[in-house]
Amino acid sequence: MPIQPDETFSDAIARRTFLNQLAAASTAAMMSGAPRLVSANEDKVVHPQPTADSCILLWMAGGMAAPETFDPKRYHPFEIGTPVEKVMSTFKAIDTAVDNIKICEGLEQIASVMDRATLIRSHFQPDLGSILHSRHQYHWHTGYVPPQTVAAPHIGAWIAKVLGPRNPVMPAFINIGQRLEGIGENEEIKAFTQAGFFGSEYGPMNLPYPDEAARAVRPPKGMEPSRFESHQKLFRKLLDQNPQREYLSDYHQQSMLRSLDNAHRLLSSKDRDAFDLSLEPKESLEKYNTGRFGQGCLLARRLVESGARFVEVTTEYIPFVHFDTHADGHATLDRLHKEIDRPIAQLIRDLESRRLLDRTLVVIASEFSRDMIIEGVPGSNARDQATAPTDILKEPKHYGLHRHFTGGTSVVMFGGGVKRGFLYGETAAERPCLAIKNPVSVSDMHATIFHAMGISPKTRFDVEKRPFYATEDGRGKAVTELFSA
């Protein structure tokens, strides 16, 4: 395992240990039998009435700084010689469509649709010691802190498994914008971008390039249905003859084959047109087209219209790129604002105009926030990971929030039954910007999403005689104050 740029030897060892643990958990999952859903009567589970049929997660991968997006603090412009402790936000606060809510300059389009949103400013994450993005992203996406004895399913896989597809042809769980090869920390990303012990059929359809999504659902040139079926038969035979077959349970082998059958149905269905952005009117496409993320938002809208259950669209996690700002934070966020602002706002407007917003929960989230001088939370022993540390501003690369901050961040929710123009929670106005009012943990955040989708946070499957819950140990509590009724 090569050491990543700006990574210490101790961090590399931590990553290697983490990878070894993930590999062991994945192996255990593939060898396990069918997970058994514990019935509501057996476990005294009461499922809430759903307020949403679909969920779109807009994932700001790499650590979106709340004071630079949805929780502006005291602003200080770039001035050489300024002590860094004076800098709380590097963007001015702007008004939104809601009188008591301000967000950061550069997000004017999102500001115009905040009257459809619930803004949570008190989401927080645990300090996991050595702060590895992959560990925190694993925790947020699965609800479980790694390592686990089996591979924990992604929240999208939970929704796909428990609720099933809305459209039997359309994949229930689709992941847009994240490459899984050649970008660093590949295996760590794969570890949470999967269905774990639920099996392959509940895992994501990965579409790293939205403008090429149509190719993923189009049979190769010259591939007639009969030829495709013969390939399927051959694959089944090879799978059964695999020398590793003894390590793959019958359940997981059959799950893999069912995922192939699902793919075959999609390839021969008219619903595959939803993946083709070239079919979108040019004027509409241009409203979204700020790059891959914007195209991903448009693709998500088309897929939900066609019956997708859970869609994640990401700005993409690449170490030290995009929201993973360890230097040049202000310049990077200025660019990212331009990439996310228009397409997110347009997604909300389009869902609303199509009468889909009321039953589609849209969530904007990230693995943690950022701060100019604090790594982790006060008292943390996490290593300082800024690549251009300084006590005073000397050049533009120093201007920005370059440390990982886990004590308080923001989540924005639209539609799906949540209140409109509602502000929930608060972080301290001055450093350290900890969540000081109505804190919301990762477990409670998941419980809230599950609540909207009609799933109890206590939903339980038994895996190899071990209970595994939708939220860690079934303790997540939905923040019901966020919902209209």
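The notes below deal with the structure included here. Small disclaimer: the values here were computed from a predicted structure and weren't measured.

1. Looking at the packing of aromatic side chains
Across all of its chains, the model carries 11 aromatic pairs by this definition. With a centroid separation of 5.5 Å and an interplanar angle of 80 degrees, the aromatic rings of Phe 173 and Phe 310 are classed as edge-to-face. A residue pair is termed long-range when its members are at least 10 positions apart, and Phe 173 in strand β6 (residues 173-176) and Phe 310 in strand β8 (residues 310-314) qualify at 137 residues. Overall, the relative accessible area of 1% leaves Phe 310 in the buried class. Three or more aromatic residues joined by ring pairs form one cluster here, namely Tyr 144, Trp 158, Phe 197, Phe 198, Tyr 202, Phe 461 and Phe 468.

2. Notes on the side chain of His 139
As for its placement among the helices and strands, His 139 is situated in helix α4 (residues 133-142). Ignoring sequence-local partners within four residues, the contact set of His 139 consists of Pro 126, Tyr 144, Val 145, Pro 146 and Val 442.

3. Digging into unusual backbone geometry
For the bond running from Pro 146 to Pro 147, omega is 5 degrees, close enough to zero to count as cis. Inspection of the secondary structure puts Pro 147 in the loop between α4 and α5 (155-163). Following Arg 431, the chain continues to Pro 432 via a peptide bond in cis, the omega torsion being 0 degrees. Assignment of secondary structure puts Pro 432 in the loop between β14 (426-427) and β15 (435-437). The backbone of His 322 shows a phi angle near 60 degrees, a positive value even though the residue is not glycine. With respect to the element layout, His 322 can be found in the loop between β8 and α12 (329-353). Even without a glycine there, the phi angle at Asp 473 is positive, about 55 degrees. Structurally, the position occupied by Asp 473 is in the segment after β17 (466-469). Residue Asp 473 is classed as partly exposed on the basis of its relative accessible area of 46%.

4. Focus: the sheet that holds β17
Within the open sheet, the 3 strands sit side by side as β1-β16-β17. Their pairing is antiparallel. Pairing within the sheet leaves two strands with one partner each, and these edge strands are β1 (36-37) and β17. In terms of strand pairing, β1 meets strand β16 (residues 460-463) through 2 bridges, oriented antiparallel. When the sheet's bridge partners are listed, Arg 36 is paired in β16 with Asp 462.

5. Thoughts on the sheet that holds strand β5 (residues 117-123)
Spatial strand order, β7-β6-β8-β2-β9-β12-β5-β13: 8 strands in an open sheet with mixed pairing. Pairing within the sheet leaves two strands with one partner each, and these edge strands are β7 (205-207) and β13 (422-424). Going from strand to strand, the sheet's axes swing by 15 degrees on average, the running direction of each strand aside. Pairing of strand β9 (residues 360-365) with strand β12 (residues 409-414), which is carried by 3 bridges, proceeds in the antiparallel orientation. Residue pairing in the sheet places Val 362 in a bridge with Phe 414 of β12.

6. Some remarks on α4
Of all 10 residues that make up α4, 10 are buried, and the element is covered over most of its length. Of the residues making up α4, those classed as buried are His 133, Ser 134, Arg 135, His 136, Gln 137, Tyr 138, His 139, Trp 140, His 141 and Thr 142. Just downstream of α4 lies Gly 143, where phi reads positive at about 85 degrees.

7. Focus on the pattern of salt bridges
Applying the stated criterion to the full structure yields 29 salt bridges. The salt bridge partner of Lys 102 is Asp 95, with a shortest N-O separation of 2.2 Å. We classify Asp 95 as exposed; its relative accessible area is 56%. Where Lys 397 meets Glu 395, a salt bridge forms, and the shortest distance between an N and an O atom there is 3.9 Å. What emerges from the salt-bridge pattern is a single network uniting Glu 280, Arg 301, Arg 302, Glu 305, Asp 350 and Arg 354.

8. Let's talk about the packing of α4 against helix α13 (residues 442-453)
Contact pair α4 / α13: the axes reach a minimum separation of 8 Å and the direction vectors enclose 35 degrees. Residue-level inspection shows His 139, Trp 140, His 141 and Thr 142 of α4 in contact with α13, the latter providing Val 442, Met 445, His 446 and Ile 449. Residues belonging to the contact of α4 with α13 are distributed by class as follows: 4 nonpolar, 4 polar and no charged.

9. So, the pairing of β16
Judged by which residues are buried, β16 turns out to be covered on both faces: Arg 460 and Asp 462 on one side and Phe 461 and Val 463 on the other are all buried. The pairing of β16 with β17 spans 4 bridges and is classified as antiparallel. Pairing of Val 463 across the sheet is with Arg 466, part of β17. Joining the antiparallel neighbours β16 and β17 is a turn of 2 residues, in which Glu 464 adopts a positive phi near 50 degrees.

10. So, the nonpolar core
Counting residues in each nonpolar core, the largest one holds 57 residues, and the members touching the most others are Leu 58, Ile 174, Phe 275, Leu 303 and Phe 414. Broken down by element, the residue count for this core peaks at 8 residues, all from α12. Other than its neighbours up to four places away in sequence, Phe 275 contacts Met 170, Pro 171, Ile 174, Met 205, Leu 207, Pro 210, Ala 213, Ala 214, Val 217, Leu 266, Leu 299 and Leu 303. By size, the runner-up hydrophobic cluster in this structure holds 54 residues, among which are Trp 140, Ile 159, Ala 160 and Phe 198.

11. Structural notes on the environment of Thr 118
Residue placement: Thr 118 occurs in strand β5. When its relative accessible area of 0% is taken as the criterion, Thr 118 is described as buried. Not counting residues up to four positions away in its chain, the partners in contact with Thr 118 are Val 411, Val 412, Met 413, Val 418, Lys 419, Phe 422 and Leu 482. Within the structure, Thr 118 has its side chain in polar contact with the backbone oxygen of Lys 419 (distance 2.8 Å).

12. Side note on the packing of α5 against α13
For the pair α5 and α13, the least separation of the axes is 12 Å and the interaxial angle reads 30 degrees. Relative to α13, the element α5 is oriented roughly parallel. In this structure, α5 crosses over α13, and the sense of that crossing is right-handed. Taking contact as the criterion, the partners of Ile 155, Trp 158, Ile 159 and Leu 163 in α5 are, on α13, His 446, Ile 449, Phe 450 and Met 453. Split by residue class, the contact of α5 with α13 holds 7 nonpolar, 1 polar and no charged.

Calculation notes
- Residues numbered from 1 in each chain as written.
- Predicted model: local features only at pLDDT ≥ 70, side-chain atom pairs only at ≥ 80, totals over all residues.
- Heavy atoms only, no water.
- Phe/Tyr/Trp six-rings, centres within 6.5 Å; stacked < 30°, edge-to-face > 60°.
- Helix = DSSP H or I, 4+ residues; strand = E, 2+ residues; numbered from the N terminus.
- Buried < 20%, exposed > 50% of the residue type's maximum accessible area, 1.4 Å probe, protein only.
- Contact = heavy atoms within 4.5 Å.
- Pairing = 2+ DSSP bridges.
- Axes fitted to C-alpha atoms, helices over the stretch in contact; angles between N-to-C directions.
- Salt bridge = Lys/Arg side-chain N within 4 Å of Asp/Glu carboxyl O.
- Nonpolar A, V, L, I, M, F, W, Y, C, P; charged D, E, K, R; others polar.
- Core = buried A, V, L, I, M, F, W, Y, C linked by side-chain atoms within 4.5 Å.
- Polar contact = N/O pair within 3.5 Å; in protein donor to acceptor, adjacent residues only side chain to side chain.
- Parallel < 35°, antiparallel > 145°, perpendicular 65-115°, else oblique.
- Left-handed = near helix turned anticlockwise from the far one by under 90°.

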